[in-house]
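# Structural overview for review
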Amino acid sequence: ALSPGLGLTMPWSKEKDFREKLSKLSESQQSIQTLSHWVAFHKANAAHAANVWADEAQRAADPHRQLLLVYLANDVMQNSRRKGTPCADAFASQMANVLPAAHAAATPTVRAKLERLLSIWEERAVMPAPQVAEVRAALGGGVPPPASAPAVPPDSQQTQPGGRLDAETAGGRNRRKRDGESGQATHRPHSTRHSAS
């Protein structure tokens, strides 16, 4: 159900479009970035978009689908924080509603990826510290894994069958290639190139 108290009194004319786009979201980096770009374009309705996203994430029964939706939020929040748009705060405000349930239903591999994203958001100040602490407490208060350490074996961070990429890992790999760095971890904000679609 949509979260109350966000001052969302008027219906959002793009809600149906956004729900349809969310239903078609795939694991490809291009799919995630394209929809993230769409959300950024509709930044005036960031609270509405975040509310719809949270509703869809909470309805998703499959932990991998929930992870995919969190990857979308990751891309939205990191790009928004870098560009100073309201999307980061809007989506961050929904994480306490989404991440604990996704984490509880997830396999150990998916849990590790969710925990890694939370650590990255904390390290890069994508989410305010009080929100990170609230989400971490809801996850069980475990010690955060280092954001620079892979949450999955290195070979699984490569392109998966069908050309899919781990959304966070792919962004870091592309950033390192652009910056001429070796395969070492970087702590700079996430950046993505959007292809024309």
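Residues numbered from 1 in each chain as written. Predicted model: local features only at pLDDT ≥ 70, side-chain atom pairs only at ≥ 80, totals over all residues. Heavy atoms only, no water.

## Brief notes about the nonpolar core
- One finds Phe18, Trp53, Met77, Phe91, Met95, Trp121 and Met127 to be the most contacted residues of the largest nonpolar core, which totals 45 residues.
- Of all the secondary structure elements, the ones that give two or more residues to this core are helix 1 (15–24), helix 2 (29–41), helix 3 (46–59), helix 4 (63–83), helix 5 (87–92), helix 6 (95–105), helix 7 (108–123) and helix 8 (129–138).
- In this view, Met127 contacts Met77, Ala92, Met95, Leu118, Trp121, Val132 and Val135; residues no more than four positions away in its chain are not counted. (Core = buried A, V, L, I, M, F, W, Y, C linked by side-chain atoms within 4.5 Å. Buried < 20%, exposed > 50% of the residue type's maximum accessible area, 1.4 Å probe, protein only. Helix = DSSP H or I, 4+ residues; strand = E, 2+ residues; numbered from the N terminus. Contact = heavy atoms within 4.5 Å.)

## Digging into the packing of aromatic side chains
- According to the stated counting rule, one finds two aromatic pairs in the structure shown.
- Ring centres of Phe18 and Trp38 lie 5.3 Å apart, and the angle between their planes is 15 degrees; this geometry places the pair in the stacked category. Placement of Phe18 in helix 1 and of Trp38 in helix 2 is noted, with a sequence separation of 20 residues between them.
- When its relative accessible area of 16% is taken as the criterion, Trp38 is described as buried.
- When the ring of Trp53 is compared with that of Phe91, the centres are 5.5 Å apart and the planes differ by 50 degrees; the resulting orientation is tilted. Of this pair, Trp53 sits in helix 3 while Phe91 sits in helix 5; the two residues are 38 residues apart in sequence, bridging distant segments of the chain.
- The buried category is assigned to Trp53, whose relative accessible area is 0%. (Phe/Tyr/Trp six-rings, centres within 6.5 Å; stacked < 30°, edge-to-face > 60°.)

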